[in-house]
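# Descriptive analysis of the structure
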Amino acid sequence: MKKLWLPLLAIVALLLMVAVMAGYFSDRIEPGLAQAPTLADTSTIPVVKERMAVTEPVPASVEAREATIISSRLLARIMTVEVRAGDYVEQGQLLIELEKTDLLARAQQAGERVRSVEARLTEARQNLVRAEELHQRGLIAVAQRDKARADAASLEADLSSFRQAEEEAQAAVEFSSIRSPIAGRVVDRFAEPGDTASPGTKLLSLYNPFSLWVEARVREQLALALETGREVSVEVPALQRSYTARIEEIVPAADPGSRSFLVKAVLPSDKQLLPGMYARLHVPAGERERLLVPGDRVANVGQLDVVWVNSPEGVVRRFVRLGRTLPDGRVEVLSGLA
């Protein structure tokens, strides 16, 4: 008998477990559809259809309006470079110092030649005065007086030429000290002390960080409606900021390949803006109707956007596809609502 009771108890326990898991000992919901709740009118918000201006985002690039390449006018060895990339410089600040030993020697030689001619000219003028007096007294011939005049005039011409040569030598000495033509920021440095600077070879590049604009290629249908002085919106994704720019220049010739016009719009001053950054120029493209709902009435379920619609049948969940979010917090509904 004991051998029979043990299997029987095991079978009864197994049946009880199956009954619990099947829900025989808990309340059960009758099959069917539950009535969806109906919301009060005070808690609902109507979907608004508004006619709003439409803009078309155009890829653009931030560029410097005032930029310059620093190069040397002399063939000389670089002694010092006073700045590096990223440094801010003032107008007239020393950037690069070139070797100028030979230039100083030439300037000194030019100065000595000037002083030598000045001394000879002083003597020639004195001789001319004496020749005029002697000619008036009839003691010398006219040819001797004319020779004194010619000598003085010749030395005056030589003095003018040597003074210009001295100024040229002094200017060459000044060219050995390369100074900044603008107040701005150093973009890159292309030379180091010991290198040989030659005319036309770039040594530094500068730009004015407080004078930037965006350049964008706008298709001809939109570009023809633009005009200088108009304000447009510019978005810089890297900074997550938007700016109001003013169109300053529209190149009056289209690119034959893309049939687009180059548009340049001035940006406000911002230290975070750097040349070469990617931007979007929002070009006005007419008007169209939009469905708008408050952003706080849209829920996110994973990668889906959901709203609840109060219909005659009750509250219904609706999946929607959203567009841009407006500054006032409302969001555009592209599909899913009417």
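As a starting point, this report considers the structure included with it. All figures in this text were calculated on a predicted structure; none of them were measured in a lab. (Residues numbered from 1 in each chain as written. Predicted model: local features only at pLDDT ≥ 70, side-chain atom pairs only at ≥ 80, totals over all residues. Heavy atoms only, no water.)

### Overview of the overall build of the protein chain
Helix and strand content of the protein chain: 4 helices and 18 strands. Dimensions of the protein chain, computed from the C-alpha atoms along their principal axes, are close to 170 × 65 × 40 Å. Out of the 338 residues in the protein chain, the part that is buried amounts to 30%. Put simply, of all contacts in the protein chain between residues at least 6 apart along the chain, 71% involve residues at least 24 apart. Carbon and sulfur atoms make up 54% of the accessible area of the protein chain, which amounts to about 22200 Å² in all. (Helix = DSSP H or I, 4+ residues; strand = E, 2+ residues; numbered from the N terminus. Buried < 20%, exposed > 50% of the residue type's maximum accessible area, 1.4 Å probe, protein only. Contact = heavy atoms within 4.5 Å. Areas by Shrake-Rupley, 256 points an atom, 1.4 Å probe, with all protein chains shown as cover.)

### A look at the sheet that holds strand E9 (residues 202-207)
Neighbouring strands of a sheet are bound in pairs by backbone hydrogen bonds; such pairs are parallel or else antiparallel. Taken in spatial order, the 4 strands make up an open sheet running E2-E9-E7-E4, and their pairing is antiparallel. Where the open sheet ends on each side, the last strands, each with one partner, are strand E2 (67-71) and strand E4 (88-89). Pairing of E2 with E9 involves 5 bridges; the strand directions are antiparallel. Note on E9: the bridge partner recorded for isoleucine 70 is leucine 204. (Pairing = 2+ DSSP bridges.)

### Some details on unusual backbone geometry
In this model, glutamine 240 sits at a positive phi of 55°, which is unusual for a non-glycine residue. Topologically, glutamine 240 is positioned in the loop between strand E11 (231-236) and strand E12 (241-250). In this structure glutamine 240 comes out as exposed when scored by relative accessible area, which is 75%. The phi dihedral of arginine 259 falls on the positive side, at around 55°, and the residue is not glycine. Considering the arrangement of structural elements, one finds arginine 259 in the loop between E12 and strand E13 (260-266).

### Looking at helix H3 (residues 142-175)
If you check H3, its first and last C-alpha atoms are 50 Å apart, about what 34 residues at 1.5 Å a residue would give, namely 50 Å. Regarding H3, the residues found buried are Arg145, Ala148, Ala152, Leu155, Leu159, Ala169, Ala172 and Val173. Where H3 is buried, its residues meet helix H2 (101-136) and strand E6 (177-179). (Expected span 1.5 Å × (residues − 1).)

### Describing the sheet that holds E6
Pairing is antiparallel in the open sheet, where 4 strands are placed in the order E6-E5-E3-E8. Where the open sheet ends on each side, the last strands, each with one partner, are E6 and strand E8 (196-197). Where strand E5 (residues 94-98) meets E6, 3 bridges bridge the pair, whose relative direction is antiparallel. Residue pairing in the sheet places glutamate 97 in a bridge with serine 177 of E6.

### What to know about the pattern of salt bridges
Within the structure shown, the criterion is met by 21 salt bridges. Measuring nitrogen to oxygen at the nearest pair gives 2.9 Å for the salt bridge that ties arginine 65 to glutamate 248. With arginine 65 in the loop between strand E1 (48-64) and E2 and glutamate 248 in strand E12, the pair connects residues that are 183 residues apart, well separated along the chain. Classification of arginine 65 as partly exposed rests on a relative accessible area of 35%. (Salt bridge = Lys/Arg side-chain N within 4 Å of Asp/Glu carboxyl O.)

### Thoughts on the packing of aromatic side chains
Scanning the entire structure with this criterion turns up 0 aromatic pairs. Positioned over the ring face of phenylalanine 190 is lysine 202, at 4.5 Å from the centre of the ring. (Phe/Tyr/Trp six-rings, centres within 6.5 Å; stacked < 30°, edge-to-face > 60°. Lys NZ or Arg CZ within 6 Å of the ring centre and 35° of its normal.)

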